[in-house]
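Single-letter residue listing:
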Amino acid sequence: KEEGRKEHKGRMMSRGGLSLLLVFKLLLASGFFSHKHNSTTAMAPNAHNFAPMPAAEEAAAGQLELLKREEARLSEMLSSVRRQKLSVLRSRPLTIGVVGFGRFGQFISRKFSKYGNVVGTSRSNYTDVAAEMGARYIPLENLDEFVSSDLDVIVVAVSIVSFEDTIRDLVPHLQRMIETTGSCPLIVDVLSVKDHARKILLDNLPIECDVLCTHPMFGPDSAKHSWKGTNFVYERTRVDKVLLDASKDRTFHHQLSQSDADSDNEFVDETGTVHDVHEGSEAHVAGMDRMERFLSIWEEEGCNMISMSCKSHDEYTASSQFITHLVGRVLGEQGLEATPIDTKGFQSVLRLIETTTADSFDLFYGLYKYNQNSKDIIVKLKESLGDVVNKLVEKEGSDSELKS
């Protein structure tokens, strides 16, 4: 009997050993031992949950676990880099001057003030508004004082129709600054039309001024709560007297932009010459650093950074932004109002009217006058309206013939 009990016990231990070995293999394949488990809360597994896994599935499960770990590692690395970048931004904050301290100028200045110092100027008196956001305000008639405020960047945030006159007014003050200090702030435009702005900046500004053409494709209404997920289009136009050709495949991109088609370390000027972003010129390095810091503000606020030539921008916006404003204005002329039985589609129409007519007519006119592609859109819209009306008339005629 004693020998029988020993033999029975041995068989039980053997089966138990095999079961434990199987469980161990399954837990190892699932990555169980790569995670920290709370021994007080972990539940004992049931045997029926651990059927043998096919070799292919076991290998796939192991690969998935490795990929998850790598994903977590890269995510933490990206978070760390962004924290360091934000720290660098705030360690040497830019002083940003904003010409045109109206509704849009105030809108962007509030964000700028989170990362640096803001100096505003405009025709109207916005001293109290500027003080409320921690900015300094200088009346437009004192442009010399404004330009001499140790500015790193000047953002020109005036209307399209006022843009050229504003740039020409700035030029004498910038020239005096260059003669006195040998340097010039980075000049940035935020117009909705880009080729027009680019030409004016290059035709009028001293060559010592670096130029960045941008279009924040949002405003105080569409992004009143957050800039996250909004599109920010930009073209690096001139750095350290070198005019960049954004139509070339190898132009310099903002280092953290979504496009990775080009080298982060090279750009091509208008003559086709390849330049390294770290060329020996101190002005070159400083200019690149200044642009990077300014672009990083928009990125830190969650914008989608889109590097694009001014020419391509205008082609796209004519068939998107301008036609949106055009249709909204045309429907607005109909005097449409909400009714007790509005459909969702009609409510969308009313919202379109509201958002497009909320912008000034000067903006709409500028989109038309200063984008050569806009007139083609009007012609196509008229033709399309005619085609639709003709189809209705033809259908009506066909129905009448059938009835007769």
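Reading the values: the criteria
- Residues numbered from 1 in each chain as written.
- Predicted model: local features only at pLDDT ≥ 70, side-chain atom pairs only at ≥ 80, totals over all residues.
- Heavy atoms only, no water.
- Helix = DSSP H or I, 4+ residues; strand = E, 2+ residues; numbered from the N terminus.
- Buried < 20%, exposed > 50% of the residue type's maximum accessible area, 1.4 Å probe, protein only.
- Contact = heavy atoms within 4.5 Å.
- Areas by Shrake-Rupley, 256 points an atom, 1.4 Å probe, with all protein chains shown as cover.
- Phe/Tyr/Trp six-rings, centres within 6.5 Å; stacked < 30°, edge-to-face > 60°.
- Axes fitted to C-alpha atoms, helices over the stretch in contact; angles between N-to-C directions.
- Parallel < 35°, antiparallel > 145°, perpendicular 65-115°, else oblique.
- Left-handed = near helix turned anticlockwise from the far one by under 90°.
- Nonpolar A, V, L, I, M, F, W, Y, C, P; charged D, E, K, R; others polar.
- Pairing = 2+ DSSP bridges.
- Right-handed = clockwise from strand over helix to strand, strands pointing away.
- Salt bridge = Lys/Arg side-chain N within 4 Å of Asp/Glu carboxyl O.

Undergrad: What am I meant to see in the overall build of the chain here?
TA: From N to C terminus, the chain includes twelve helices and eleven strands. When burial is assessed residue by residue, the chain has 36% of its 404 residues classed as buried. Considering only intrachain contacts with a sequence separation of at least 6, the fraction spanning at least 24 residues in the chain is 64%. Put simply, the chain shows about 23,900 Å² of open surface, and 54% of that area lies on carbon and sulfur atoms.

Undergrad: Explain the packing of aromatic side chains to me, please; I cannot follow it from the model alone.
TA: This structure, assessed with the given rule, holds 17 aromatic pairs. With a centroid separation of 6.2 Å and 75 degrees between ring planes, the pair formed by Phe 107 and Phe 218 is classed as edge-to-face. Of this pair, Phe 107 sits in helix H3 (residues 103-112) while Phe 218 is found in the loop between strand E6 (211-216) and strand E7 (231-239), placing the two residues 111 residues apart along the sequence. A residue is classified by how much of its surface remains accessible, and Phe 218, at 9% relative accessible area, is buried.

Undergrad: Mind showing me how you'd approach the packing of helix H9 (residues 310-332) against helix H11 (residues 361-369) here?
TA: To describe two helices that pack against each other, one gives the angle between their axes and the distance between the axes. In the contact formed by H9 and H11, the axes pass within 10 Å of each other and the chain directions differ by 130 degrees. With respect to H11, the element H9 is oriented oblique. Of the two elements, H9 crosses H11, and the hand of that crossing is left-handed. Residues Gln 321, Phe 322, His 325, Leu 326 and Arg 329 of H9 touch H11, and the partners they reach there are Phe 361, Leu 363, Phe 364, Leu 367 and Tyr 368. Class assignment of the residues belonging to the contact of H9 with H11 gives a composition of seven nonpolar, two polar and one charged.

Undergrad: Sorry if this is basic, but what is going on with the pairing of strand E5 (residues 186-189) here?
TA: Side chains of E5 alternate between two faces, with Leu 186 and Val 188 and Ile 187 and Asp 189 buried alike. Relative to E5, strand E4 (residues 153-156) runs parallel, the two being bridged by four bridges. Across the sheet, the residue bridging to Ile 154 is Ile 187, located in E5. Bridging between E5 and E6 involves three bridges; their strand directions are parallel. Bridge pairing in E6 links Val 188 to Leu 212. Considered for its hand, the β-α-β crossover made up of E5, helix H7 (residues 195-204) and E6 is right-handed.

Undergrad: When you look at the pattern of salt bridges in this model, what are you seeing that I'm missing?
TA: When the charged atoms of two side chains with opposite charge come close together, those side chains can pair. The full count for this structure, using the stated rule, is 17 salt bridges. The salt bridge involving Arg 236 is made with Glu 292; its shortest N-O contact spans 3.6 Å. Taken together, the residues span a long stretch of sequence, with Arg 236 in strand E7 and Glu 292 in helix H8 (residues 282-300) at a distance of 56 residues. As far as the burial class goes, Arg 236 and Glu 292 line up, both buried.

Undergrad: Would you mind going over unusual backbone geometry with me for this structure?
TA: Leaving glycine out, the prevailing phi sign among residues is negative, and the prevailing peptide bond configuration is trans. Of note in the backbone geometry, Asp 150 takes a positive phi value of approximately 55 degrees without being a glycine. With respect to the helices, strands and loops of the structure, Asp 150 is situated in the loop between helix H5 (143-147) and E4. For Asp 240, which is not glycine, the phi dihedral falls at a positive 50 degrees. In this fold, Asp 240 is placed in the loop between E7 and strand E8 (242-243).

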